[in-house]
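This is what each chain is made of:
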Amino acid sequence: MSIFNLHHVYKRRRVVFFLGILGIIIWHFSRDSQKETPLRRVGLTANSSQFTLDGEPFRILGGSMHYFRVPRAYWSDRLLKMKACGINTLTTYVAWNLHEPERGVFNFNWQLELDWLLRDRNMKLRTTYPGFTKAVNSFFDELIPRVVPLQYVNGGPVIAFQVENEYGSYAKDGRYMSFVKEALVSRGVRELLFTSDNRNGLDHGSVNGALKTLNFQKLRPEDIRHLDSLQPQKPKLVMEYWSGWFDNWGGLHHVYDVDEMMRVVMEILNQGLSINLYMFHGGTNFGFMSGALGNHPYKPLVTSYDYDAPLSEAGHYTAKYHRLRTLFGGFHNGNLPMMPAVQWKKVYRPVSTHKYLLLWDVLEVLEKPHESERPVNMENLPVNNGNGQSYGYTLYETNITGGGMLNSRNHVRDRALVFLDRQFIGVLDYNTIEIIVPNRKGRRNLSLLVENCGRVNYGKDLDDQRKGLVGDILLNKEPLTGFRMYSLDMKPDFIRRLSSRSWKPIQKAPSFPAFFLSKLYISGYPADSFIQFPGWKKGVAFVNGQNLGRYWSIGPQQTLYLPGPWLKTGMNQFILFEEQESDFKMQFTNNHDLGMTVDVN
């Protein structure tokens, strides 16, 4: 995570990194941006019951925003809005999986897969397992030299580094936290170190030399007393005060009452604690990056990461924002900056899908299928320069000569559309592990299109996140063999190749799955909008090659955020991959529909 002080947005900046699987940066913006920045000797310290910065008392009024969940063109806008709310500190993850998509291939330019780690069937994530520590060291060798010059003591923005995130809820290896800490310090990290845990994880997620901080939504005095007992006479920071919650497909949109939130925030501040709101601006899980909650039961998360945060997914002000601004304004000398204008939203005319390509027609665009007697999980497929497949879909095909009961043995990760001779016959997932295969004569093709709906992002199931078919599939209690496997990760290069294909005009309702092509002409300056999908069932939307994320009629989310910076004046291309059903028309609205709501308990 990163923390930034937002006194003046384009001024001197200060940052904190969390560098486990993710990174956390704390960025502080000071008042001397236009001046030559001197080297400093004293950064953020925690040597007494109050933080100091530059030797002066400092209370963190923080908010989280993840740069990879926000279009780059809007980074400045979101930071200015945070500053105008009285936020003096920004925290953000640095996502390892986005910056090292293949082993040894580093990308620090794209707005943004680490899942090549799962090719090692013995891999133990977040431990001192040699395969994992080797990967961490390799990544740190690339990342930390980029951050060291930005440390506060060097005149830069980084004021602290978070060693790990909620490791106490996962802790499997007593040596791991010391390894991560040493990996940071040995590469030149000199700023304050943090750990971050909920109440139950405080006793197991810490490391000597790092300040313990607390995560929660409901303030319990006994939790604060416990933190104080573990490190008396130290400043207390609520590193994650949860302003809302996640939404999962098939559920409801979670909201956290503004009055209840403000009551807790005021009590935190009245007790002299520092605070960081997670999230202040949630943004969007673009692409296939939404993740999932727990395996018991498994709950894939929606595309929106609105989180009921003070700044909405599209950067709109909310009641929470205005109430926080009034409160935080009392902690600043002078008036807060003016609130920046909200981006204009436009309702574009509806567009019809006029051309299509069946899934089966695009297989020739893919790499040659991998053949194997038994199914291979997507991470171990010999694709992407030997790094396997991380996201998207994998198509498994084999031949059968009879019908009967098809049993997944719960080896489908996470959802499979099943086809007989390319005609849909059913779905296999965590709830449905058996379907009937019709009994027809002759040699027939059985296909399973398996979707990775998102990897679990918390808890003790991290090592069990391989996707695709992770074991045998049985037909009449006998394992199927002789598989052909196609990787459909739907990366930008694949979408570009699709765009150059000869698409078929829609003259009658096609079969599914299929890719559908639509075009939207914009005569003026592009603006934000939201896409509606009435009559569509489930799929993925792309605009000008950018993956906007998943849509699914089961909700709760009913619209996808369409960022204006991803559009252009002139002709814009939309490609929708639809799994099962469509009315062949997209509509636009200026209101985001995140579905029916439920209060966070």
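Residues numbered from 1 in each chain as written. Predicted model: local features only at pLDDT ≥ 70, side-chain atom pairs only at ≥ 80, totals over all residues. Heavy atoms only, no water.

To keep things clear, this is the line we draw: UniProt positions are given in the numbering used here, feature names are shortened, and annotations may be inferred rather than shown by experiment.
As recorded by an unreviewed UniProt entry, the protein chain carries the name Beta-galactosidase and is attributed to Paramormyrops kingsleyae. Of the comments in the UniProt record for the protein chain, the one headed Sequence similarities (unreviewed entry) reads "Belongs to the glycosyl hydrolase 35 family." UniProt lists a comment for the protein chain under the heading Catalytic activity (unreviewed entry), and it reads "Hydrolysis of terminal non-reducing beta-D-galactose residues in beta-D-galactosides."

## Looking at the overall build of the protein chain
Threshold: In this description a helix means any DSSP run of H or I spanning at least four residues, a strand means any run of E spanning at least two, and both kinds are numbered starting from the N terminus. Radius of gyration: C-alpha atoms only; globule rule: 2.2 Å multiplied by the number of residues to the exponent 0.38. Burial status follows relative accessibility: with a 1.4 Å probe on protein chains alone, a residue under 20% of its type maximum counts as buried, one over 50% as exposed, and anything between as partly exposed. Here the Shrake-Rupley method, with its probe set to 1.4 Å, supplies the accessible areas, and only the displayed protein chains count as covering residues.
Helix and strand counts for the protein chain come out as eight helices and 39 strands. Relative to the 2.2 N^0.38 estimate, which gives 25 Å for 601 residues, the radius of gyration of the protein chain is 25 Å and therefore close to what a compact globule would have. In terms of its C-alpha atoms, the protein chain occupies a principal-axis envelope of roughly 80 × 55 × 45 Å. For the protein chain, with 601 residues in total, the buried portion stands at 61%. Accessible surface for the protein chain amounts to roughly 23,800 Å². Of this, 49% is attributable to carbon and sulfur atoms.

## Description of the environment of S390
Tracing the chain through its elements places S390 in the loop between strand 19 (370–372) and strand 20 (393–400). Sequence spacing of S390 and R466 is 76 residues, and the spatial spacing of their C-alpha atoms is 9.0 Å.

## Considering the packing of helix 3 (residues 130–147) against helix 4 (residues 176–185)
Formally: Angles run from 0 to 180 degrees between N-to-C directions of axes, and those axes are lines fitted to C-alpha atoms, restricted for helices to the stretch in contact. For this classification, under 35 degrees means roughly parallel, over 145 means roughly antiparallel, 65 to 115 means roughly perpendicular, and everything else is oblique. Left-handed describes a crossing whose near helix is turned anticlockwise from the far helix by less than a right angle; the clockwise case is right-handed. Note on contacts: a residue pair qualifies if any of its non-hydrogen atoms lie within 4.5 Å across the two residues.
Two elements in contact, helix 3 and helix 4, have axes whose closest approach is 10 Å; the angle formed by their N-to-C orientations is 25 degrees. One finds that helix 3 runs roughly parallel with respect to helix 4. Between helix 3 and helix 4 the crossing geometry is right-handed. For the pair helix 3 and helix 4, the contacting residues are F132, T133, V136, N137, F140 and I144 in the first and Y176, F179, V180, A183 and L184 in the second.

## Things to note about the UniProt feature "domain: Beta-galactosidase galactose-binding" (unreviewed entry) in the protein chain
Listed under "domain: Beta-galactosidase galactose-binding" (unreviewed entry) in the UniProt record, and renumbered for this structure, are residues 513–572. Note that residues 513–572 is 0% helix and 55% strand, and that its end C-alpha atoms are spaced 23 Å apart.

## Some thoughts on the sheet that holds strand 6 (residues 56–57)
Quick note on the threshold: Should DSSP find at least two bridges between two strands, the strands are taken to pair.
With respect to topology, three strands assemble into an open sheet ordered 4-5-6, the strand pairing being antiparallel. At either margin of the open sheet sits one strand with a lone partner, and together these are strand 4 (44–45) and strand 6. Relative to strand 6, strand 5 (residues 52–53) runs antiparallel, the two being bridged by two bridges. Each bridged residue has a counterpart across the sheet, and for T52 the counterpart in strand 6 is P57.

## Here's the deal with the packing of aromatic side chains
The condition that has to hold: Under the pairing criterion, centres of Phe, Tyr and Trp rings, with the six-membered ring standing for Trp, must be within 6.5 Å; the plane angle then separates stacked pairs below 30 degrees from edge-to-face pairs above 60, leaving the rest tilted.
Counting across every chain of the model gives 36 aromatic pairs. Note on W242 and W245: the rings are 5.5 Å apart at their centroids and 65 degrees apart in plane angle, and the pair reads as edge-to-face. Classification of W245 as partly exposed rests on a relative accessible area of 29%. Through a chain of ring-to-ring contacts, the aromatic side chains of Y93, W242, W245, F246, Y278, Y305 and Y307 assemble into a single cluster.

## Brief notes about the UniProt feature "active site" (unreviewed entry) in the protein chain
The sites that UniProt annotates as "active site" (unreviewed entry) are E166 and E240. On the basis of their most widely separated C-alpha atoms, the annotated residues across 75 residues gather in one place, lying no more than 10.3 Å apart. Within the fold, E166 resides in the loop between strand 9 (158–162) and helix 4. Since its relative accessible area comes to 10%, E166 is described here as buried.

## Quick notes on the environment of K441
In this fold, K441 is placed in the loop between strand 25 (434–437) and strand 26 (444–451). K441 gets classed as exposed once you look at its relative accessible area, which sits at 81%. A C-alpha to C-alpha distance of 58 Å links K441 and Y278, two positions 163 residues apart in sequence.

## Things to note about the sheet that holds strand 24 (residues 423–428)
Judged by pairing direction, the sheet is antiparallel, and its six strands sit side by side in the order 19-30-20-26-23-24 without closing on themselves. Either end of the sheet is taken by a strand with one partner, and the two such strands are strand 19 and strand 24. On average, each strand axis in the sheet is inclined to that of its neighbour by 25 degrees, with strand direction left out of account.

## A short note on the side chain of S529
To be explicit about the condition: Here a polar contact is recorded for every N or O atom pair within 3.5 Å, except that within protein the pair must consist of a potential hydrogen donor and a potential acceptor, and residues adjacent in sequence are included only if both atoms are side-chain atoms.
Secondary-structure assignment places S529 in strand 33 (residues 529–532). A distance of 2.6 Å separates a polar atom in the side chain of S529 from the backbone oxygen of K346. Within the local environment of S529, its side chain forms a polar contact with the backbone oxygen of T589, the two atoms lying 3.3 Å apart. Residues in contact with S529, not counting those within four places in the same chain, are K345, K346, V347, Y348, L560, Y561, L562, F588 and T589.

## Re unusual backbone geometry
A cis amide bond links Y278 to the next residue, M279, at an omega of 0 degrees. Secondary-structure assignment places M279 in strand 14 (residues 274–281). Omega for the bond connecting R413 with D414 falls within 30 degrees of zero, at 20 degrees, which places this linkage in the cis form. Looking at where D414 falls in the secondary structure, it is placed in the loop between strand 22 (412–413) and strand 23 (415–420). Not every positive phi belongs to a glycine, and R422 is a case in point at roughly 65 degrees. Positionally, R422 belongs in the loop between strand 23 and strand 24. Of the residues examined, R422 reaches a relative accessible area of 31% and is grouped as partly exposed. Of note, the phi angle at K477 is positive, near 70 degrees, even though the residue is not glycine.

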